[in-house]
Amino acid sequence: RRLILAGVLLGLAAVTKYQLLVVILPGLVLGGLLSVWRGSRTLNVFVIPMLATLVVFGLWQVCFMAYLGPSSFFENITFVRKAASGAALAFSPERAANAARMLLEPGMLFGALVPAVSYGVLLGTRSDDRSVGWRVVSGFTLAALGWFVFASVGWRRYAYPGMALACLPAAAFFVEG
């Protein structure tokens, strides 16, 4: 039940801000892949919330289309695409390089972003009960930072969710290390 509730809440978050869907689904997939790679039997921790997220988002789209009607729905989608004008998904090698350099600056998590994310992935490969949580954190962190580097326009504010998540394994390093 908690996994379904988590998925419903993630779906509601995606309904309120569509850009979150670009991070939520890949984050759950990456966490699940880390679980499979580790040989863990906790794949349901990722699959159930992902399915619930997709159901909630799909139901919202159906309700949205029913309320607006098909023609208004597609007009609205076209308007949203034009308004976003590539801010959410915009690949450019030059922007990707600039965004990656920005993440590696000393001012971003005091230059410890790569070690922090690496430590989070390492914590996710352990065989204890807490490793599942670290797989979730690592999946979302990698998805958020990956989206920032490879698919966003590279504005600094778009890196903040991934940076905030990267602080968790950095703090764990000092607590446990």
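Throughout, a residue's number is its position along its own chain's written sequence, starting from 1. In view of the model being predicted, local features appear only for residues whose pLDDT reaches at least 70, and side-chain atom pairs are presented and counted only at 80 or more, with totals across whole chains, interfaces and linings using the full set of residues. Hydrogens and waters are ignored; side-chain quantities use all the structure's heavy atoms.

## A short note on the overall build of the chain
Now for step 1: Within the chain, the regular secondary structure consists of 8 helices and 0 strands.
Now for step 2: When its helices and strands are written in sequence order, the chain yields α-α-α-α-α-α-α-α.
Now for step 3: Principal-axis analysis of the C-alpha atoms places the extent of the chain at approximately 55 × 40 × 25 Å.
Now for step 4: Residues are treated as being in contact if the distance between any of their heavy atoms lies within 4.5 Å. Taking contacts inside the chain between residues at least 6 apart in sequence as the whole, the part at least 24 apart equals 73%.
Now for step 5: Computed by Shrake-Rupley with a 1.4 Å probe, the accessible areas treat only the displayed protein chains as cover when residues are assessed. Accessible area of the chain: about 10500 Å², with a carbon and sulfur share of 71%.
Now for step 6: One finds the centroid of the 14 positive side-chain charges in the chain at a distance of 4 Å from the centroid of its 6 negative side-chain charges. Only runs of H or I of at least four residues qualify as helices and only runs of E of at least two qualify as strands under DSSP, and these elements are numbered from the N terminus. We score Asp and Glu as negative and Lys and Arg as positive, and we do not count His or the chain ends. Charge placement uses NZ in Lys and CZ in Arg. For Asp and Glu, CG and CD serve respectively.

## Considerations on helix α3 (residues 44-68)
Now for step 1: Taking 1.5 Å per residue as the helical rise, α3 with its 25 residues ought to reach 36 Å, and the 35 Å between its terminal C-alpha atoms agrees with that figure.
Now for step 2: Only protein chains enter the calculation, and the probe is 1.4 Å; a residue is then buried if its accessible area is under 20% of its type maximum, exposed if over 50%, and partly exposed in between. Within the sequence span of α3, burial applies to Phe-46, Pro-49, Ala-52, Thr-53, Val-56, Phe-57, Gln-61 and Phe-64.
Now for step 3: Looking one or two residues beyond α3, the residue adopting positive phi is Gly-69, at roughly 90°. To estimate the expected span of a helix, subtract one from its residue number and multiply by 1.5 Å.

## Examining the packing of aromatic side chains
Now for step 1: Whether two aromatic rings pair depends on their centres lying within 6.5 Å, for rings of Phe, Tyr and Trp, where Trp uses its six-membered ring; planes under 30 degrees apart make the pair stacked, over 60 edge-to-face, and the rest tilted. For the structure on display, the rule yields 4 aromatic pairs.
Now for step 2: Geometrically, the ring pair formed by Trp-147 and Tyr-158 is tilted, given 5.3 Å between the ring centres and 55° between the ring planes. Of the two residues, Trp-147 is situated in helix α7 (residues 131-150) and Tyr-158 in the loop between α7 and α8 (160-176); the sequence distance between them amounts to 11 residues. Both residues of the pair, Trp-147 and Tyr-158, count as buried.
Now for step 3: What links up through ring pairs into an aromatic cluster is the set Tyr-119, Phe-173 and Phe-174.

## Quick word on the confidence of the model for the chain
Now for step 1: Confidence of the predictor at the level of single residues is captured by pLDDT, which takes values from 0 to 100. Confidence in the prediction for the chain averages 85 pLDDT; 90% of positions are at 70 or higher.
Now for step 2: Per-residue pLDDT, averaged within each element of the chain, yields its smallest value for helix α4 (residues 70-84) (67) and its largest for helix α6 (residues 113-124) (93).

## Considering a nonpolar patch on the surface
Now for step 1: Judged by side-chain polarity, Val-36, Leu-43, Val-47, Leu-51 and Leu-54 come together as a nonpolar surface patch covering roughly 390 Å² of accessible area.
Now for step 2: No other element matches α3, which puts 3 residues into the nonpolar patch.
Now for step 3: Position of Leu-51 relative to the elements: it lies in helix α3. What makes a patch is a set of residues exposed beyond 30% relative accessible area and free of salt bridges, joined within 9 Å when like-charged and within 5 Å when nonpolar (Val, Leu, Ile, Met, Phe, Trp, Tyr). By definition, a salt bridge exists where a carboxyl oxygen of Asp or Glu is found within 4 Å of a side-chain nitrogen of Lys or Arg.

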